[in-house]
Amino acid sequence: MFKIVTKRVLSAVNKLMEIEAPLVARKARPGQFIILRVRENGERIPLTVADSSKERGTITIIFQEIGKTTKELGSLQEGDYLSDFVGPLGRPMELPSSGRVVAVGGGVGIAPIYPKVKAFYDAGLEVISIIGARTADLLILEDEMRAVSSELHICTDDGTKGHHGFVSDLLQPLLDDTSKKIDEIIAVGPLPMMRVVAEQTRPYGVKTLVSLNPIMVDGTGMCGCCRVTVGGETKFSCVDGPVFDAHQVDFAELTRRSRTYLDKEKIALEKFEHECRCGGEK
Ligand code: FAD
Ligand code: FES
Ligand code: MG
């Protein structure tokens, strides 16, 4: 059992939890993730290691409540326990040795991009960060991102904070500024956003990475659930990724695959919310 030692509400739908998991904390590196189960019969969900402390023996996760399991997780309190917490999984991120990096985090991708930006910044790289969300209330980690970025640009789809528009609008002038060479771009967010960034940077020939979020089950390369086509080859995101060359990813296939269980996810959420309202068994 894994204890929730800290819980912070970042916005109406975004929460941060620090989980006591000393064995995971001892090995976790930026770019990796964990898979947890809230309770014994619950489903397994992957979440990025947002931070880790060997001294405290803890892993920090930041998640957006979008469906049944993330809502159930968000309903837990400090002192409660998770039944499983497996990791660290996935390949640690490779850091460029020097240069200028642009990090683009959209919506649910702001949480997973934060530890990557922090690692770039700690390694002495110049990091220009762009974060965006549908509306100001969903924009999380602004202060944390500012603290580890050389520049921070903000946008919202509805104009309630920062630039009124999309992360791609803010990326474009950086791509066009030939006086400042970009060595690497990393984008994390919803699939349509990562796909747009990949197409936007392709003509410029700038190395562009994305951290993919396909459906995962075991997280160890055995179930095949997280398979993606990258450069014409089948890869398993959980062991070969989750970070891949954006220009090589077959986004059309990934988008189709990620929609496989939409009906079941909707039913599971409705059932969970009904049970919560009735105070019944979850
Ligand atoms: P559901 O209603 O069941 O699903 C909503 C959507 O989430 C689905 O349509 C699907 O696209 C996705 N999803 C559902 N089940 C899974 C699954 N088992 N594996 C992967 N995706 C799934 N989210 C965060 O908020 N913070 C993070 O740091 C974060 N890191 C991630 C790291 C990796 C490597 C991956 C693959 C995903 C990450 N996610 C993260 C996404 C997170 O796993 C999903 O939001 C979560 O599983 C949704 O579960 P649910 O039951 O609440 O929603
Ligand atoms: Fe099963 Fe990757 S999650 S192979
Ligand atoms: Mg689910």
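Since this is a predicted model, take the numbers as computed values, not measurements. (Residues numbered from 1 in each chain as written. Chains lettered and ligands numbered in written order. Predicted model: local features only at pLDDT ≥ 70, side-chain atom pairs only at ≥ 80, totals over all residues. Heavy atoms only, no water.)

### Examining the overall build of the protein
Then step 1. Secondary structure assignment for the protein yields nine helices and 17 strands.
Then step 2. In terms of overall size, the protein behaves like a compact globule, its C-alpha atoms giving a radius of gyration of 18 Å where 282 residues would be expected to give roughly 19 Å.
Then step 3. Taken along its principal axes, the extent of the C-alpha atoms in the protein is 60 × 40 × 40 Å.
Then step 4. Relative to its full complement of 282 residues, the protein shows a buried share of 49%.
Then step 5. Counting contacts in the protein only where the partners sit at least 6 residues apart, residues at least 24 apart contribute 64% of the total.
Then step 6. Put simply, the protein has 36 plus and 39 minus side-chain charges, and the middle of one group is 3 Å from the middle of the other. (Helix = DSSP H or I, 4+ residues; strand = E, 2+ residues; numbered from the N terminus. Rg over C-alpha atoms; globule rule 2.2 N^0.38 Å. Buried < 20%, exposed > 50% of the residue type's maximum accessible area, 1.4 Å probe, protein only. Contact = heavy atoms within 4.5 Å. Lys, Arg positive; Asp, Glu negative; His and termini not counted. Charge placed at Lys NZ, Arg CZ, Asp CG, Glu CD.)

### Side note on the site of ligand 1
Then step 1. Inspection of the region around ligand 1 gives 24 residues, with Glu43, Pro46, Gln64, Thr70 and Glu265 positioned closest.
Then step 2. A distance of 2.8 Å separates an oxygen atom of ligand 1 from a polar atom in the backbone of glutamine 64.
Then step 3. Between ligand 1 and the protein, one listed contact pairs an oxygen atom with a side-chain N or O atom of glutamate 265 at 2.8 Å.
Then step 4. For ligand 1, whose free accessible area comes to 860 Å², the fraction covered by protein is 89%.
Then step 5. Contributions of two or more residues to the shell around ligand 1 are made by β4 (45-48), β6 (58-64), α2 (68-74) and α9 (262-278).
Then step 6. Broken down by element, the residue count for the shell around ligand 1 peaks at four residues, all from β4.
Then step 7. In terms of residue class, the shell around ligand 1 is made up of 13 nonpolar, seven polar and four charged. (Near = heavy atom within 4 Å. Polar contact = N/O pair within 3.5 Å; in protein donor to acceptor, adjacent residues only side chain to side chain. Areas by Shrake-Rupley, 256 points an atom, 1.4 Å probe, with all protein chains shown as cover. Nonpolar A, V, L, I, M, F, W, Y, C, P; charged D, E, K, R; others polar.)

### Some remarks on the pattern of salt bridges
Charged atoms that come close allow side chains of opposite charge to pair.
Then step 1. Enumeration according to the criterion identifies 17 salt bridges in this entry.
Then step 2. Note that glutamate 72 and lysine 68 form a salt bridge whose closest N and O atoms lie 3.5 Å from each other. Of this pair, glutamate 72 and lysine 68 are both found in helix α2, four residues apart, which corresponds to roughly one turn of the helix.
Then step 3. Within the structure, one salt-bridge network assembled from shared partners comprises Arg39, Lys68 and Glu72. (Salt bridge = Lys/Arg side-chain N within 4 Å of Asp/Glu carboxyl O.)

### A short note on the nonpolar core
Then step 1. Counting residues in each nonpolar core, the largest one holds 29 residues, and the members touching the most others are Met145 and Ile186.
Then step 2. Put simply, the parts of the chain that give this core at least two residues each are β9 (100-106), α3 (110-122), β10 (126-133), β11 (151-156) and β13 (184-188).
Then step 3. Residue contributions to this core peak at seven residues, all from α3. (Core = buried A, V, L, I, M, F, W, Y, C linked by side-chain atoms within 4.5 Å.)

### Examining the packing of aromatic side chains
Then step 1. Tallying each qualifying case throughout the model produces one aromatic pair.
Then step 2. Ring centres of phenylalanine 2 and phenylalanine 85 lie 5.9 Å apart, and the angle between their planes is 35°; on these two criteria the pair is classed as tilted. Of this pair, phenylalanine 2 sits in strand β1 (residues 2-9) while phenylalanine 85 is found in strand β8 (residues 84-89), placing the two residues 83 residues apart along the sequence. (Phe/Tyr/Trp six-rings, centres within 6.5 Å; stacked < 30°, edge-to-face > 60°.)

### Points about the side chain of threonine 69
Then step 1. Looking at the secondary structure, you find threonine 69 in helix α2.
Then step 2. Side-chain polar atoms of threonine 69 contact the side chain of glutamate 43, separated by 2.5 Å.
Then step 3. In contact with threonine 69, not counting residues within four places along its chain, are Val38, Glu43 and Ile45.

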